[in-house]
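Descriptive structure summary
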Amino acid sequence: MAEFRMPALGADMDAGTVLEWLVKPGDEVHKGDVIAVIDTEKSAIDVESFFTGTVESLVTGIGQTVPVGTVLATITESAAQRAAPQPPAPQPPGPPAELKVPERPKAAAPRKREKKIVPAEQAHPAVPISPLIRKRAHELGVDLAKVRGSGSGGAVTRADVERAAAERQREVAVKPPSPPVSRIRVSPLARRVAAELGVDLASVTGTGPGGSVREADVRRAVPAGEAAAVPEAAAVPEAAPAPEAAQQPAAAAARSGAERALSMRQAIGRLMARSKREIPHYYVGNTVDMTRSLDWLHERNRELEVSERLVPAVLLLKAAALAARKVPDLNGYWLDDQFSPADAVHLGLVISLRGGGLLTPAIHDAADLPLAELMSRMRDLVIRARAGRLRGSELTDATITVTNLGDQGVESVFGVIYPPQVALAGFGKVTERPVAVGGLIGVRPVVVTTLAADHRASDAMTGARYLTEISDLLQRPEEL
Amino acid sequence: MTPDQAQHAIEEALAQVAPDVDIADLTPDTDLRDGLGLDSLDFLRFVEILSERSGKQIAEDDYPHLATPASAAKFLAGR
């Protein structure tokens, strides 16, 4: 059985609130399916399953705020999935320094996948299990993956399941009690009211059909909700210690605009303060002639419908991604006092939100994407970031970040690195400037490129190589 | 497009691209990119919507005509 845990959606996240479950026990899920909406200090995020299988139970109730690493749901993995290498439980890329964690989690580079050693008998293709047996196993809470079949060809029989259930009972008897399981059905209206009133839905007794929670139940539960201010998750043994999370209200669901703006500033503040405290930044800058790139772009766009046109920022992003691949010392993470290079280029993109604040989702494998694809990914990310529909995986695995302030009218930007990344590239506005070319002064479009990089991981020489690489790439736009 | 239709199309396009902008605050000479803070992607979407609404081909070379609501209305209404 797999445990679906509260993911760290960025280095600045200590805890999250379950806003919505999109699955219920018994539902089939596939790796990558969005199964929950999690509220962080910055935004509501669609979170995907790391596993393929059947949802066994939802452990964390709607409206509950729990620390990163807390079990949210349990999923019985399907046989095919078990034989495949499993992703490790999501780990924060690195604990924020201000958190007094007794033992520093062994933070592997987020992209590294641990190969799980699968016993030979489990690696065999599974013998089909009848729906009836499956149902019985589900009723008894038995993980079929762990049941040894005694039927023909190793098929799992009803007796096997019941024996396993009995064994499990004995195990449970000696283990500490597991946290209460919330399997509550809640009407959408009740859910919204609960969020507004800060009521923990897990503490509400439902009077609707099948014990489902109705709006009236929520309103009745207001005093009870206040009394039970300690998050249930505090009782979960594996929960990572997170003192800050314990101080948060039990149900901090859907934040209001003002609260969101404040928590956004606080989250950015903590992360950036940590960056400046821990990362010795060095900076390099360069001015790049954009004549060839813009001419090429203009020529290309001339033949295209508006919806297919590219903006200059796409060329800059592609160049930044390709250069990161050529200069791998800037693409990766500083973890456990050493640099750990990433094996792909996932380009984090700083997206400013209307109304303040920013998010930095990643475009996966940006160096490999054709320009048109990169353009549509960028448009899609901006739209979803502003609508609060980003996916968890997009917020966790950027390997280098780019900020493009060209549209805001400034010539250059020297950024603050997102830990545990080690570099942040900046692009300013494309402006016309007098430039000397071949002994003559001409007016040409230029852009100032900058790099802020972590001096622990590289030296300014490396940073200079990166910016030179970007400049070279932008002189050959047809190869981007 | 009549000037009225053009004005209407511009306001609708802005409402979609920058929902937080109060159309009432908009003057005919507000610079859409700098004044309203539309970035290049927002602006592209704005052009896209106007092109769909008016049925008019809008080339990159025409972008300067779309700098303000007044100039855009004039452009869409056929100059």
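Residues numbered from 1 in each chain as written. Chains lettered and ligands numbered in written order. Predicted model: local features only at pLDDT ≥ 70, side-chain atom pairs only at ≥ 80, totals over all residues.

**Side note on the overall build of chain A**
Here is the rule: Helix numbers and strand numbers start at the N terminus; a helix is a DSSP run of H or I with at least 4 residues, a strand a run of E with at least 2. Field definition: a residue is buried when 20 or more other C-beta atoms are found within 10 Å of its C-beta, exposed when 12 or fewer are, and partly exposed for counts in between, with C-beta atoms placed from the backbone. By definition, residue pairs are in contact when their C-beta atoms, positioned from the backbone, come within 7 Å.
A count of helices and strands for chain A gives 14 helices and 20 strands. When the 480 residues of chain A are sorted by exposure, 43% land in the buried category. Partitioning the contacts of chain A with sequence separation of at least 6, the portion at a separation of at least 24 is 67%.

**Considering the sheet that holds strand β16 (residues 390–391) of chain A**
Across a sheet, strands are paired by hydrogen bonds formed along the backbone, either parallel or antiparallel in direction. Residue and element names in this part refer to chain A. Threshold: The rule for pairing is simple: two strands pair if DSSP sees at least two bridges between them.
Across the sheet, 5 strands lie side by side as β7-β2-β4-β5-β16; this open sheet has mixed pairing. Each edge of the sheet is formed by a strand with only one pairing partner; in this case those strands are β7 (65–67) and β16. Inspection of the sheet shows strand β5 (residues 44–48) paired to β16 by 2 bridges, in the parallel sense. The partner of D46 across the bridge, within β16, is R391.

**Some thoughts on the pairing of strand β18 (residues 423–427) of chain A**
Residue and element names in this part refer to chain A. Burial runs high along β18: 5 of the 5 residues are buried. Neither face of β18 is left uncovered, since the one carrying A423, A425 and F427 and the one carrying L424 and G426 both have all their residues buried. Relative to β18, strand β17 (residues 400–404) is paired through 4 bridges, and the arrangement is parallel. Each residue of the ladder has a partner; that of T403, found in β18, is G426. As judged from the 5 bridges shared by β18 and strand β20 (residues 440–454), these two strands associate in the antiparallel manner. Its bridge partner being in β20, A423 is matched across the sheet by A453.

**Topic: the sheet that holds strand β3 (residues 28–29) of chain A**
All names here are of chain A. Pairing within the open sheet is antiparallel, and its 4 strands lie in the order β1-β8-β6-β3. The open sheet terminates on both sides in strands that have one partner only, identified here as β1 (2–5) and β3. Sheet analysis places β3 next to strand β6 (residues 53–58), joined by 2 bridges and oriented antiparallel. For E28, the partnering residue across the bridge sits in β6 and is T54.

**Focus: the confidence of the model for chain A**
All names here are of chain A. Condition: You can read pLDDT as the predictor saying how much it trusts each residue, on a scale of 0 to 100.
Model confidence for chain A is summarised by a mean pLDDT of 77, while 70% of its residues fall at 70 or above. When the criterion is pLDDT under 50, residues 83–126 qualifies, and its contacts beyond four places in sequence or with other chains add up to 62 contacts. pLDDT under 50 marks residues 172–183. Its contacts with residues more than four places away, or in other chains, come to 14 contacts.

**Regarding the interface of chain B and chain A**
On the chain A side, the residues contacting the 12 residues of chain B number 14 residues. Among the elements that line the side of chain B that touches chain A, the one with the most residues is helix α3 (residues 40–54) of chain B, at 6 residues.

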